[in-house]
Amino acid sequence: GTVIAPHFWGLNREAAALVAMGRLDGIEMTGQREFTHNEYYRILNCGYRMPLLAGTDKMSSDVTIGLSRTYVYVPQDEEFNYDNWRKNVAKGRTFATSGPMIGLTVDGHPIGDTVPLTGAGTVEVEAWAEGIFPIHRLDIVQAGQVVASTESRQGTRRLELKEKLKVDAHTWLAARCGGPDYFTAGNFISSLPPSWSSR
């Protein structure tokens with residue numbers, strides 16, 4: 001089976017023990033909160049490969065079905081079935097979204113891959129985000145810090161970013177996108193409507 005920590009609120013209680021013991025296959029993040037992001041980044045910074053997932057938590061009528069979703073890349077030469085889905089979740093070939101599609105490559109390697117380096121150097125990072133609602137910001141995050149970003153003040157349906165980044169030690173890279181203020185405006189938190197719903 002696949003063990004996912006639902007409703008991740010931080011690296012405490014059983015979540016911390018399950019991560020350290022290797023008994024957790026992923027983290028489900030349902031809210032766009034700075035605290036939970038930073039707690040997830042702490043896991044990655046400790047060297048644990050922990051895939052990020054999402055799922056609709058329909059606890060009230062203000063949450064639409066399919067609001068939070070997980071996408072998993074299953075290579076074309078693999079049959080699309082549960083076992084291959086689970087295997088590719090474990091490899092980190094996932095992204096979680098409440099709307100936009102997002103892509104990331106590092107030196108041509110897709111999401112979830114490990115890029116081998118023989119020493120300090122640079123890697124080329126390419127990211128894109130595309131959605132039916134306006135996207136205002138696309139960030140590249142390295143070891144928990146935003147190291148590259150592009151913005152559209154008025155919002156756009158697609159953003160792209162290409163950067164060469166220095167790497168001098170073991171690290172991880174991720175892409176994220178959202179509203180003009182990543183943790184508030186334009187990002188859904190249950191009981192607080194997204195900014196585009198009031199327009």
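Bear in mind the structure is a predicted one, so any value in this text is a computation, not a measurement.

A. View of the packing of aromatic side chains. In the structure shown here, the tally under the stated rule is four aromatic pairs. Here the aromatic rings of Y40 and Y41 are separated by 6.3 Å at their centres, their planes lie at 50°, and the arrangement is tilted. Both residues of the pair, Y40 and Y41, belong to the buried class. Residues Y41 and W172 carry aromatic rings whose centres are separated by 5.3 Å and whose planes lie at 40° to one another, so their mutual orientation is tilted. Here W172 lies in the loop between β9 (145-167) and β10 (173-178) and Y41 lies in helix α2 (residues 34-45), a separation of 131 residues in the sequence. In terms of burial, Y41 and W172 fall into one category: buried.

B. Region of the structure containing the sheet that holds strand β1 (residues 4-5). If you walk across this open sheet you meet the three strands as β1-β2-β3, and the pairing is parallel. Across the chains shown, the open sheet's two edge strands, defined by having one partner strand only, are β1 and β3 (52-53). Bridge count for β1 against strand β2 (residues 26-28) is two bridges, and the pairing is parallel. When the bridges of β2 are listed, I4 appears paired with G26.

Conventions and cut-offs
Residues numbered from 1 in each chain as written. Predicted model: local features only at pLDDT ≥ 70, side-chain atom pairs only at ≥ 80, totals over all residues. Heavy atoms only, no water. Phe/Tyr/Trp six-rings, centres within 6.5 Å; stacked < 30°, edge-to-face > 60°. Buried < 20%, exposed > 50% of the residue type's maximum accessible area, 1.4 Å probe, protein only. Helix = DSSP H or I, 4+ residues; strand = E, 2+ residues; numbered from the N terminus. Pairing = 2+ DSSP bridges.

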